[in-house]
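Overview (structure and organization)
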Amino acid sequence: MIRFNKTTVLAAGLSLLHGCALLPEDGTRAKLLDMPKLSQTLNGDTQAEKIVREWPRAQWWRDFHNAELNRLIETALKDSPSLHAAAARLTQAEAVADFQAAEMLPSINASVEFHQRRFSETDFYGPNGGKTFTGAYIDPAVFRYHLDLWGKDKGVLESALGKEKAQASELAMARLMLSTAIARGYIRLCSSEEDIELAQGLTEQAGEKMQLAELRWQRGLTSRDLVHAGKQQLEAARQRETSVRNQAQRLRNRLAALAGQGPDWGKTIHVAENKVAGLLPQPEAIALGLLAHRPDVAAAMWRVEAAAQLTKVAKTNFYPDVNLVGFAGLRSLNLKDLFLSNGASVAYGMGPTITLPIFEGGRLEAELKNQQAAYDAAAESYNETLLAAVQQVADSLAEWRQTLEHDAAQQRALEAAEAEAELAGKRYRAGLSSRDGIIEADAALIRQRLTASEMHNAHLLAAIGLIEALGGGYENTTIQALSKGTTARMQAVE
């Protein structure tokens, strides 16, 4: 009889397994792009990987050798609300991963239930029918363990870990964007403060020129047209000076906000000369190193990994789910018998519970389709991010090279303007020209200095852009292996 019962149970189990929901056929999944070749664009050489590893550094801003810039960025990284919010999102992702890791472990709980029950007289309750009882169930040990036969729990955990790492990469991206925004703002502020001094010089030159025109008109040497023209030039110079001062104030306000401070804090920002000792090295080739040094590329890849794992989890929902459960405690319909029954109230149990998905009305297929579409979206988002990263590197390097050439050319033009101003002074002192020649030469020199300041500012901004394009010192040594492993895992779950 016992053998018959075992055979019957086994046959019933097999029939139920056969009746589980069937997996639908897989469609075509999105493919991850390989790293585009940049040998022609960036003129690759054998030192590429070394350069990518060594520059930029994690604290790249220190290469500018500017103590005030260091203070601004370090204050922003410490006090910025946007970074605090990104760090909080990372903490949330870590907590989710910790929760999923705990879900893979057995759980032991305690349960206490007090109840009052009345058993129906018209149902089958034997001599207890029609009576009311006050009893309790006391289970000091309730055991539960999910048998992860198909890797569902592991997939959920790996997906949570992928999202955690993606959030960590996004925090690194937020730090990079904040630090580069601070650097750009400070470089523009230094340039604006320098422009204020130069604009004051232009205003003084225009004022002196107008005074000369007015003096000559009063003495009948020239017409009054030159006086009016001089006034127009003076007012235009004053407007330019006011505009530059306003721009500098707005830059201070912006820097204070980025640093997590109020507008008054911006007034304490000191300006100093910005330079890069020895000039920044040009990374002539990037190769696959870009994958490890771009936090946005890393975040996109980790989200692909998380989506691939959730697709695998959605497929495990088509298989039987097995939980091992058990309890041990005291149970009695009467409280007075709970502890005074000489062990008669002791109860325990242990065994598996099996859940079989036989008919779900299309819910499992819809969930799988949803996760597969989420994977496709994540993969295409990664492809888009990778292509944008490569383009940004190429554009930033081209901009860097152009501004380097323009800055050098402007220095030569500035030297010529200085020589011209010196000659104008010599001619005036020798009585060979009027005061107007010196004023015009000095004004031309100031305008060349303004242009030189603009070119130098553009060169420094291009350096910041190149640093940002290269990830700003971010490094993820696992991302290259992950880029190959994700596709393999996705093919395995298909």
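All values derive from a computational prediction rather than experimental measurement.

**Describing the overall build of the protein chain**
Looking only at helices and strands, one finds 13 helices and four strands in the protein chain. Residues classed as buried in the protein chain amount to 41% of the 494 residues present. If you take every contact in the protein chain between residues at least 6 apart in sequence, the share linking residues at least 24 apart comes to 84%. For the protein chain, the accessible area works out to roughly 27400 Å², and carbon and sulfur atoms hold 55% of it.

**Details of the side chain of Ser 192**
By the element assignment, Ser 192 lies in helix α6 (residues 152–218). Relative accessible area serves as the criterion here: at 2%, Ser 192 is assigned to the buried category. Dropping the residues within four chain positions of it, Ser 192 is found in contact with Val 244, Gln 247, Ala 248 and Leu 251.

**Remarks on the sheet that holds strand β3 (residues 321–332)**
One open sheet accounts for four strands, arranged β1-β2-β3-β4; its pairing is antiparallel. The sheet terminates laterally at β1 (107–118) and β4 (346–355), the two strands that pair on one side only. Neighbour-to-neighbour, the strand axes of the sheet open up by a mean angle of 25 degrees, direction not taken into account. Both β3 and β4 contribute to a ladder of ten bridges, which runs antiparallel. Its bridge partner being in β4, Phe 327 is matched across the sheet by Gly 349.

**Topic: the environment of Met 177**
Tracing the sequence through the fold places Met 177 in helix α6. For the pair Met 177 and Gly 471, spaced 294 residues apart in sequence, the C-alpha to C-alpha distance is 9.7 Å.

**Here's the deal with the packing of aromatic side chains**
On inspection of all chains with the given rule, the structure shows four aromatic pairs. Ring centres of Trp 60 and Trp 61 lie 5.5 Å apart, and the angle between their planes is 80 degrees; this geometry places the pair in the edge-to-face category. When sorted by exposure, Trp 60 lands in the same class as Trp 61, which is buried. Geometrically, the ring pair formed by Trp 150 and Tyr 319 is tilted, given 5.1 Å between the ring centres and 55 degrees between the ring planes. Of the two residues, Trp 150 sits in the loop between β2 (132–147) and α6 while Tyr 319 sits in the loop between α10 (295–316) and β3, which places them 169 residues apart along the sequence. Overall, Trp 150 belongs to the partly exposed group, its relative accessible area being 40%.

**Concerning the pattern of salt bridges**
Throughout the structure, instances matching the rule amount to 15 salt bridges. Glu 113 is paired through a salt bridge with Arg 117; the nearest N and O atoms lie 3.3 Å apart. The class for Arg 117 is partly exposed, based on a relative accessible area of 30%. Where Arg 238 meets Glu 235, a salt bridge forms, and the shortest distance between an N and an O atom there is 2.9 Å. Of the two residues, Arg 238 and Glu 235 both sit in helix α7 (residues 225–258), three residues apart, roughly one turn of that helix. The partly exposed category is assigned to Arg 238, whose relative accessible area is 41%. Of the residues examined, Glu 235 reaches a relative accessible area of 38% and is grouped as partly exposed.

**Structural notes on the nonpolar core**
The biggest cluster of nonpolar side chains holds 35 residues, and the ones touching the most others in it are Trp 60, Phe 64, Leu 69 and Ile 182. Looking at this core, the elements that each hand over two or more residues are α4 (67–79), α5 (81–103), α6, α7 and α12 (435–469). Broken down by element, the residue count for this core peaks at eleven residues, all from α6. Within the second largest apolar cluster, 15 residues are counted, among which are Met 301, Val 304, Tyr 382 and Val 390.

**Observations concerning α10**
Across its 22 residues, α10 extends 32 Å between first and last C-alpha, which sits within 8% of the 32 Å expected from 1.5 Å per residue. Here α10 lies mainly inside the structure; 19 of its 22 residues are buried.

**Brief notes about the packing of α6 against α12**
At their nearest, the axes of α6 and α12 sit 10 Å apart, and the two run at 175 degrees to each other. Here α6 lies roughly antiparallel to α12, going by the angle between them. Its residues assigned to classes, the contact of α6 with α12 comprises 14 nonpolar, seven polar and 14 charged.

**Remarks on the pairing of β1**
In terms of burial, β1 is largely open, as just one of its twelve residues are buried. Of the strand pairs in this sheet, β1 and β2 are connected by eleven bridges, and their pairing is antiparallel. Each residue of the ladder has a partner; that of Gln 116, found in β2, is Thr 134.

**Concerning the confidence of the model for the protein chain**
Mean pLDDT for the protein chain: 81, with 82% of residues reaching 70 or above. A low-confidence stretch, residues 8–12 (pLDDT under 50), is modelled with zero contacts involving residues beyond four sequence positions or located in other chains. Segment residues 43–49 is flagged for pLDDT under 50; beyond a separation of four residues in sequence, or across chains, it makes 13 contacts in the model.

**Comments concerning the environment of Leu 83**
Of note, Leu 83 is situated in helix α5. For the pair Leu 83 and Leu 171, spaced 88 residues apart in the sequence, the C-alpha separation amounts to 7.2 Å. With sequence-adjacent residues up to four places away left out, Leu 83 is seen in contact with Ala 76, Leu 77, Leu 171, Ala 174, Arg 175 and Leu 178.

The rules behind the values
- Residues numbered from 1 in each chain as written.
- Predicted model: local features only at pLDDT ≥ 70, side-chain atom pairs only at ≥ 80, totals over all residues.
- Heavy atoms only, no water.
- Helix = DSSP H or I, 4+ residues; strand = E, 2+ residues; numbered from the N terminus.
- Buried < 20%, exposed > 50% of the residue type's maximum accessible area, 1.4 Å probe, protein only.
- Contact = heavy atoms within 4.5 Å.
- Areas by Shrake-Rupley, 256 points an atom, 1.4 Å probe, with all protein chains shown as cover.
- Pairing = 2+ DSSP bridges.
- Axes fitted to C-alpha atoms, helices over the stretch in contact; angles between N-to-C directions.
- Phe/Tyr/Trp six-rings, centres within 6.5 Å; stacked < 30°, edge-to-face > 60°.
- Salt bridge = Lys/Arg side-chain N within 4 Å of Asp/Glu carboxyl O.
- Core = buried A, V, L, I, M, F, W, Y, C linked by side-chain atoms within 4.5 Å.
- Expected span 1.5 Å × (residues − 1).
- Parallel < 35°, antiparallel > 145°, perpendicular 65-115°, else oblique.
- Nonpolar A, V, L, I, M, F, W, Y, C, P; charged D, E, K, R; others polar.
- pLDDT = per-residue confidence, 0-100.

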